[in-house]
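# Examining the three-dimensional arrangement
What follows is each chain in one-letter form.
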Amino acid sequence: MGNLIIFLIVGYFFYTIFKSYSRYTAYSQQAFKNFSVSKESLEKSDLGLFVALVAKVAKADGKVDALEAQLVGIMFDDISAVFPEPTKTKDILKDIFNENKSDLSNTANIAQALSQSIRRDKAKQQQFMGFLIQLAFVDGECSKSEEDILSTIAEALEFDPDTYHQMFDHFEQMIKNIKPQTNISDAYKVLGVNESDDMSVIKKAYRKLVRQYHPDIIKSQGKDEAYMEEATIKTQEINQAYEMIKEAKK
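Computed from a predicted model, the values in this text were never measured in an experiment.

## Some thoughts on the overall build of the chain
When you go through the chain residue by residue, the secondary structure sums to 12 helices and zero strands. If you list the helices and strands of the chain from N to C, you get α-α-α-α-α-α-α-α-α-α-α-α. Buried positions account for 48% of the 250 residues belonging to the chain. Within the chain, contacts between residues at least 6 apart in sequence are counted, and of these 81% link residues at least 24 apart. Summed over its atoms, the accessible surface of the chain is roughly 12,100 Å², and 47% of this surface lies on carbon and sulfur atoms.

## Details of helix H11 (residues 199–213)
With 15 residues, H11 ought to run about 21 Å at 1.5 Å a step, and its terminal C-alpha atoms sit 21 Å apart, in line with that. Among the residues of H11, those classed as buried are Ile 202, Ala 205, Tyr 206, Leu 209 and Val 210. Buried residues along H11 cover an arc of 140° about the axis, so they all sit on one side. Among the exposed residues of H11, those oriented more than 90 degrees off its buried face are Ser 200, Lys 204, Arg 207 and Lys 208.

## Overview of the packing of aromatic side chains
In this structure the tally under the stated criterion is seven aromatic pairs. Summarising the aromatic geometry, the rings of Phe 35 and Phe 83 are spaced 5.0 Å apart at their centres and angled 70° between planes, so their arrangement reads as edge-to-face. One end of the pair, Phe 35, is in the loop between helix H1 (2–17) and helix H2 (39–44); the other, Phe 83, is in the loop between helix H4 (66–80) and helix H5 (86–100), with 48 residues separating them in the sequence. Overall, Phe 35 belongs to the partly exposed group, its relative accessible area being 22%. Given the relative accessible area of 4%, Phe 83 is considered buried. Seen in terms of ring centroids, Phe 50 and Phe 128 are 4.3 Å apart; in terms of plane orientation they differ by 15°. Their pairing is stacked. On the criterion of sequence distance, the pair formed by Phe 50 in helix H3 (residues 46–59) and Phe 128 in helix H7 (residues 122–136) is long-range, its members being 78 residues apart.

## Quick notes on unusual backbone geometry
For Glu 85, which is not a glycine, the phi torsion comes out positive at approximately 55°. Among the structural elements, Glu 85 can be located in the loop between H4 and H5. Overall, the relative accessible area of 46% leaves Glu 85 in the partly exposed class.

## A look at the side chain of Asp 46
Examined against the element boundaries, Asp 46 turns out to sit in helix H3. A polar contact of 3.2 Å, which involves the side chain of Asp 46, links it to the side chain of Lys 124. Residues in contact with Asp 46, not counting those within four places in the same chain, are Tyr 27, Leu 114, Ser 117, Ile 118, Lys 124 and Phe 128.

## Examining the side chain of Thr 107
When you line up the elements, Thr 107 lands in helix H6 (residues 107–117). Among the residues examined, Thr 107 registers a relative accessible area of 2% and is labelled buried. Within the structure, Thr 107 has its side chain in polar contact with the backbone oxygen of Leu 104 (distance 2.7 Å). Filtering out sequence-adjacent residues up to four positions away, Thr 107 remains in contact with Leu 53, Lys 56, Ile 149, Thr 152 and Ile 153.

## Quick word on the confidence of the model for the chain
The predicted coordinates ought not to be read in detail in places where the model reports low pLDDT. When the pLDDT values of the chain are averaged, the result is 80; 76% of them are 70 or greater. H5 holds the highest mean pLDDT among the elements of the chain, 96, whereas H1 holds the lowest, 49. Confidence drops under a pLDDT of 50 for residues 13–24, and excluding neighbours within four residues, the segment shows 40 contacts in the predicted structure.

## Digging into the pattern of salt bridges
Applying the stated rule across the entire model yields nine salt bridges. For the salt bridge of Lys 124 with Asp 46, the shortest nitrogen-to-oxygen distance reads 3.2 Å. Residue Lys 124 is found in helix H7, and its partner Asp 46 is found in helix H3; the two are separated by 78 residues along the sequence. Comparing Lys 124 with Asp 46, the two get one shared label, buried. Lys 124 is paired through a salt bridge with Asp 121; the nearest N and O atoms lie 3.9 Å apart.

About the criteria used
Residues numbered from 1 in each chain as written. Predicted model: local features only at pLDDT ≥ 70, side-chain atom pairs only at ≥ 80, totals over all residues. Heavy atoms only, no water. Helix = DSSP H or I, 4+ residues; strand = E, 2+ residues; numbered from the N terminus. Buried < 20%, exposed > 50% of the residue type's maximum accessible area, 1.4 Å probe, protein only. Contact = heavy atoms within 4.5 Å. Areas by Shrake-Rupley, 256 points an atom, 1.4 Å probe, with all protein chains shown as cover. Expected span 1.5 Å × (residues − 1). Arc of directions from axis to C-beta. Phe/Tyr/Trp six-rings, centres within 6.5 Å; stacked < 30°, edge-to-face > 60°. Polar contact = N/O pair within 3.5 Å; in protein donor to acceptor, adjacent residues only side chain to side chain. pLDDT = per-residue confidence, 0-100. Salt bridge = Lys/Arg side-chain N within 4 Å of Asp/Glu carboxyl O.

In structure tokens form, the structure reads like this:
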């Protein structure tokens with residue numbers, strides 16, 4: 001169940017949040033071509049501030065589990081790709097994440113700094129808040145500590161309370177409505193593997209499909225609602241299939 005949630009979260013997130021973008025302009029290599037990549041500059045950028053908040057939500061319940069780490073890793077790849085020196089950028093983003101994941105005391109200050117950075121961009125505010133809400137649900141439920149951190153961030157961002165609760169409640173209900181696959185033969189078809197394949201082959205196919213179909217936090221800006229909905233369905237199928245096959249192979 002848990003591994004399915006991560007990709008449903010990603011798909012649903014981009015479907016509901018990025019539908020407000022009409023053009024691929026906010027985050028692109030062109031936009032960042034003159035950006036000087038340093039830890040100081042990244043920490044002060046809206047993406048760097050966002051990564052710091054992601055760290056706090058991911059560690060709010062005391063640990064960063066494997067599913068959260070996987071989602072964060074994909075996010076690092078997506079973000080670093082638009083900056084000059086992607087490898088250097090990714091390493092700095094990891095540093096920002098690691099330095100912020102265990103200290104919750106400055107959460108409101110970082111959220112306020114992000115609020116100042118994106119004050120005039122309502123779509124981006126929803127984008128970031130939506131991701132954080134869904135990250136909290138990555139393991140299938142949102143703990144009290146995670147909910148408290150989200151509330152702190154939402155308030156510091158000056159995020160509309162009604163919109164915040166609608167997003168939170170909508171996603172919570174969606175998680176409850178997940179219905180897993182029941183046919184193992186269909187699971188093998190979804191991943192494009194055979195029942196005789198060992199788990200190393202199956203895992204490789206799974207990861208390839210995840211990379212192929214996961215909605216990209218950067219490139220999804222220009223996609224329409226139909227694309228986002230399709231991505232949500234596809235990621236559900238991939239993860240349901242993988243979880244079912246793993247269980248059958250035990």
